[in-house]
Structures are given as C-alpha cells and as structure tokens.
Amino acid sequence: QVQLVESGGGLVQAGGSLRLSCAASGNIFTFINMGWYRQAPGKQRELVATITSGGFTNYSDSAKGRFTISRDNAKNTVYLQMNSLKPEDTAVYFCNFFLRTGIGAPVSNYWGQGTHVTVSS
C-alpha cells in the first residue's frame, strides 16, 4: 500500500505565501506523475499543477506565474510553493500521485487526505 501525507496548509493574508508538501511512503517502485488539485466549497475539484517524472510541469491558468510545483525524488515528496495568494485560492488542496508499486505493475493512482488553505482579504 501507499500513503500520501500532506502538510503546509493554513491561514494566510492575501498576498502572502504558503508551501505545501506531500510525502509518499509504502511500496513505491517508480513515480509517473505527481500533482496538486484543489476543491473550493461548492465547486468541483480542479487541477492546480502537475509534474512528470522527467520534470515537465503543467499549471492551470490561475496558478501560472504564482505557484511552483517541484519534487524531491529521494524523499518521495512533491511541493507546491504558492505566492501572491488571493482569497479565491481558498480551498482544500489534494496531492495526487500516479506510480507503479513494482516492475510490470500497473500504474496506480493515489490521493492525499487534503490540506486546507484559507486566504483572507
């Protein structure tokens, strides 16, 4: 089994910064893709940013220029640095990993438990 543990959420004023972390543990052979998603109250979960095993990144339009996704393969951890935060960034943020648990194993998808980010105006 694989577990994802998120940290770094909290309350911040508009214009401030937060850094989210998501550490994976368990039976991990290789990562395919890591990402961050968010879900605001009453809204659907949406993509924030993703990063492939090769380091290729993709951002939502709302995240471009303000957020940076990165990873530390040695620590099985993905990060989301969020700068210039806005009240509309308020949401529960979830990390998401696509990975293989062994040679020849199918690609599996795992979600973190979510961490709350609240941006006050």
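Residues numbered from 1 in each chain as written. Predicted model: local features only at pLDDT ≥ 70, side-chain atom pairs only at ≥ 80, totals over all residues. Heavy atoms only, no water.

A. Expanded view of the pairing of strand β3 (residues 18-26). Bridge count for strand β1 (residues 2-7) against β3 is six bridges, and the pairing is antiparallel. When the sheet's bridge partners are listed, V5 is paired in β3 with A23. Relative to strand β8 (residues 77-82), β3 is paired through six bridges, and the arrangement is antiparallel. Bridge pairing in β8 links L20 to L80. (Pairing = 2+ DSSP bridges. Helix = DSSP H or I, 4+ residues; strand = E, 2+ residues; numbered from the N terminus.)

B. A look at the side chain of N33. Here N33 shows up in strand β4 (residues 30-39). Beyond its immediate chain neighbours, meaning those up to four positions away, N33 contacts T50, I51, T52, N96, F97 and F98. (Contact = heavy atoms within 4.5 Å.)

C. The side chain of T77, seen in detail. In this structure, T77 sits in strand β8. Within the structure, T77 has its side chain in polar contact with the backbone oxygen of K75 (distance 2.8 Å). Contact partners of T77, with chain neighbours within four places excluded, come to S21, C22, A23, M34, S70, R71 and D72. (Polar contact = N/O pair within 3.5 Å; in protein donor to acceptor, adjacent residues only side chain to side chain.)

D. Quick peek at the pattern of salt bridges. Across all of its chains, the model carries four salt bridges by this definition. The residue K64 makes a salt bridge to D61 at a minimum N-O spacing of 3.5 Å. There is no split in this pair, since K64 and D61 are both exposed. What emerges from the salt-bridge pattern is a single network uniting R38, E46, R66 and D89. (Salt bridge = Lys/Arg side-chain N within 4 Å of Asp/Glu carboxyl O. Buried < 20%, exposed > 50% of the residue type's maximum accessible area, 1.4 Å probe, protein only.)

E. Structural context of the environment of T90. In this structure, T90 sits in the loop between β8 and β9 (91-100). Judged by its relative accessible area of 23%, T90 is partly exposed. T90 sits 23 residues away from F67 along the chain, and the two C-alpha atoms are 14 Å apart. In contact with T90, not counting residues within four places along its chain, are A40, V117, T118 and V119. Only 2.9 Å separates the side chain of T90 from the backbone oxygen of P87, close enough to count as a polar contact. At a separation of 2.9 Å, a polar atom in the side chain of T90 contacts the main-chain amide nitrogen of V119.

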